[in-house]
Amino acid sequence: MTLSFETLAKQFDSLTQRPSSDYDAFNVDADQLVALCEHLRDKEGFSLLVDVAGIDWNDQSPRFSVAYHLYSVIKQCYVRLVCACVGDESPEVPSIVSVWPAANWHERETYDMFGIHFKGHPDLRRILMWDDYKYHPLRKEFPLAGIEDELPAADVRERVDANVIAAPMMGGPFYAQAADHMSQREPSAADQSWAESNPKRD
Amino acid sequence: MSTENLEVGYNSRIEGDVIVSKADAVINWVRKNSVWPMPMGLACCAIELMATGAARFDMSRFGMEVMRFSPRQADCMIVAGTVTYKAAEVVRRVYEQMASPKWVVAMGACASTGGMYRSYAVMQGVDRIVPVDVYISGCPPRPEALLDGMMRLQEKISQERSLTQLTKKR
Amino acid sequence: MATQQKEINLGDNSARYQSEVPGETMSLNMGPSHPATHGVLRLKLELDGDFITKCDPVIGYLHRGDEKIAENMTYNQFVPYTDRLDYLAPLHNNVTYAIAVEKLAGLEMPPRCEAIRVICCELARISSHLLGIGVYGMDAGAFTIFLYTFTEREKLYTLFEELTGARLTTSYTRIGGLMRDIPEGWLGRVNNFINQLGPILEEVDGLLTRNTIWMKRTEGVCPISKEDALAYGLTGPNLRASGVDADLRRDKPYSGYENYDFEIPIGTSGDCYDRYLVRMEEIRQSMSIVRQAIEKMPDGPWYAEEAKKIFPPRKDKILTKMEELIQNFMIVTEGPQIPPGEVYFEAENPKGVLGFFIVSKGGGVPYRMKIRGPSFCSLSILPKVMPGLMITDVPIVLGSLDFVMGECDR
Ligand code: SF4
């Protein structure tokens, strides 16, 4: 509302407007992201980086985007920046830790969950999952139940003889799948391996 | 002053009076009335665990007010909350540090079975890594349910064959 | 008294540290099972004698995969999971989540629903701050405070239970309304509770606020400057204690907050003592908001009536009318039908702003839901502020930041 797209677009030519149901939202290219963030922080008063969220668009290309939400304490308004990641196999965007230190953990989380690399991040490690976890759980191809794996600590693993298993979904998640005919849309089990003793279908 | 229970064990004030009882009964009576819990507060259930320890429900009525955060001083680990795979290691390590005899109470759906969290990060029941004595249902269990669970644990302790365990260890 | 205070002021901690002769450092692991870490936070500390030289928080011990679960659930099915984000104030999470989805659906709530939600939010704030202060006091050795505040929380639990059926995991809101209307006479009982809370708060105030030990341990400890607080994305009471005048209830009013008069306490130095004072004052302000809401409680529906594809019809209609039965069936199985779009909504939760970023492709299931937990950001400042503090300050700093791991790790 207080941001003028025209003046911004003069300075940052990759900026396009993004359809949004609430605040100003812009698409920006990866190479102009840091400069735009600096501009917004210093000239427009967006002093607070509230959120960084990765999005996996699954079969589209570019496959991954990162959405940033900024808030201006003075103007009391939000802006959303969406930056498409470069590369679908090993997606990459520049890190904005230099602009807002708050981005540090947010970017680590996004890396952990999506495998998006933030170029220039001082300390890009996993944050929520343990260090040698192999997958990026919020990618669309990763199943909710998880994938069988080894427990984190080796010595504990030996003593307890347990490992990471795919959670028994017992027929869930339990809602109607989107399908053409009503009879197919019946809320039924997406996964029929009802008991832990039964092997999973795939 | 002396209660019924005291007579069964040993009453120091009546010197000379000897009561014959099973050693198990005495040991178990001692053990079950001073269970010191180790609150393994992991998630939401820990808040109800706190409520049980606080004024209205008051766990100390059952000899359990001495919450010990040091596993070395605790007898019973109350696993209150969601055990994720990342935290599993910690739970196990804490359990291993406790001196026996030791018991484990799985408080809430998450600790018992994974509860509503059927997902990639959550261990589906803490009994995969530590032996559980009492499971308490509920999400979270009400303090009454926790108290009931702890009384069940006391019952269980009172039926253990403690002397054989002790001699076997040696 | 004033001169004494000057003397006990510990001053700039980092300056104090640098005057020491640096020796060999020692690393110390704190948590994840430690009474001061309020859950499962783990701190890897590097110590030089009693002083902290480096702090590396390790989180994720309570990462339960809420965001992935959300992608596999209809919007209403996810409500119970929001309880377990900030499990000290579940009612507020419910409300925040519901408003976020309603914003995406373009729904307006009737005034009665909004007023009930405001009462819920403020009661949740009171309960969260009560626990926060109680545990904070306990960390400093003032166990009595914990018993006082928890007794009040128990009374609140009774109220919550009457309203929602559960003490802790309330799941009270639905997309497009509430689970049910408030029970008869409930408002009166809330009013009674608020009336008797005042004197108790005074007592807690008397026990802590001017208590020399308490002040010695908190005043001047871990001051967070305005700039740092903003740069690290602190929100809520922690940000306001640092002197930033920001409160979404006033700046971006939602759920009819513009109809209530309240003041926003702001700290000056941003130290642990300020964070305590801000919380205390917020409880008082919340009490006043609840009183106003009770006074002005409007009549009318407590759900959005026009939302045919979002809010299930009333039970008596479901049992007697065919159309309503089908409608109910569709909403329950396929979820409330939400139009495609992207929406970000955040509300002023007790711990800071809780945000939901929802990407919808239409239908009853979100395509992506990102939850922005305030505690996540509050903790990310630890590596910056911890160095220079003493090891004995750690529980105080953690207590003053008042975080909860459920929403930090999600
Ligand atoms: S059982 Fe329920 S209340 Fe307890 S930790 Fe699990 S989700 Fe939280």
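Residues numbered from 1 in each chain as written. Chains lettered and ligands numbered in written order. Predicted model: local features only at pLDDT ≥ 70, side-chain atom pairs only at ≥ 80, totals over all residues. Heavy atoms only, no water.

As for the confidence of the model for chain C
Residues and elements named next belong to chain C. Taken residue by residue, chain C gives an average pLDDT of 83. The fraction at 70 or more is 94%. In this model residues 1-15 is a low-confidence stretch, pLDDT under 50, and it forms 16 contacts with partners more than four residues away in sequence or in other chains. Scoring of the predicted complex yields 0.86 for pTM and 0.84 for ipTM. (pLDDT = per-residue confidence, 0-100. Contact = heavy atoms within 4.5 Å.)

Brief notes about the nonpolar core
Tyr 68 of chain A together with Leu 382 of chain C are the most contacted members of the largest nonpolar core, which totals 235 residues. Of the residues forming this core, the biggest block, 15 residues, is contributed by helix α6 (residues 111-139) of chain C. With residues up to four places along the chain from it excluded, the contact list for Leu 382 of chain C reads Leu 41, Leu 43, Cys 55, Pro 57, Pro 387, Val 397, Leu 398 and Leu 401 of chain C. Among the nonpolar cores identified, the runner-up in size contains 19 residues, and Cys 76, Met 107, Leu 147 and Met 150 of chain B belong to it. (Core = buried A, V, L, I, M, F, W, Y, C linked by side-chain atoms within 4.5 Å. Buried < 20%, exposed > 50% of the residue type's maximum accessible area, 1.4 Å probe, protein only. Helix = DSSP H or I, 4+ residues; strand = E, 2+ residues; numbered from the N terminus.)

Brief notes about the site of the ligand
Close contacts around the ligand come from 13 residues, with Cys 44, Cys 45, Cys 110 and Cys 139 of chain B together with Arg 84 of chain C the closest. Residue neighbours of the ligand fall on chains B and C, so the site bridges chains. Of the residues forming the shell around the ligand, the biggest block, three residues, is contributed by helix α5 (residues 108-113) of chain B. Considering only residue class, the shell around the ligand consists of eight nonpolar, four polar and one charged. (Near = heavy atom within 4 Å. Nonpolar A, V, L, I, M, F, W, Y, C, P; charged D, E, K, R; others polar.)

A closer look at the interface of chain A and chain C
Across the contact, 53 residues belong to chain A and 50 residues belong to chain C. Where chain A packs against chain C, one counts seven salt bridges. Taking the shortest distance from any N to any O, the salt bridge between Arg 80 of chain A and Glu 342 of chain C comes out at 3.6 Å. Joining chain A to chain C, the criterion identifies 19 residue pairs in polar contact (both at pLDDT 80 or more). (Salt bridge = Lys/Arg side-chain N within 4 Å of Asp/Glu carboxyl O. Polar contact = N/O pair within 3.5 Å; in protein donor to acceptor, adjacent residues only side chain to side chain.)

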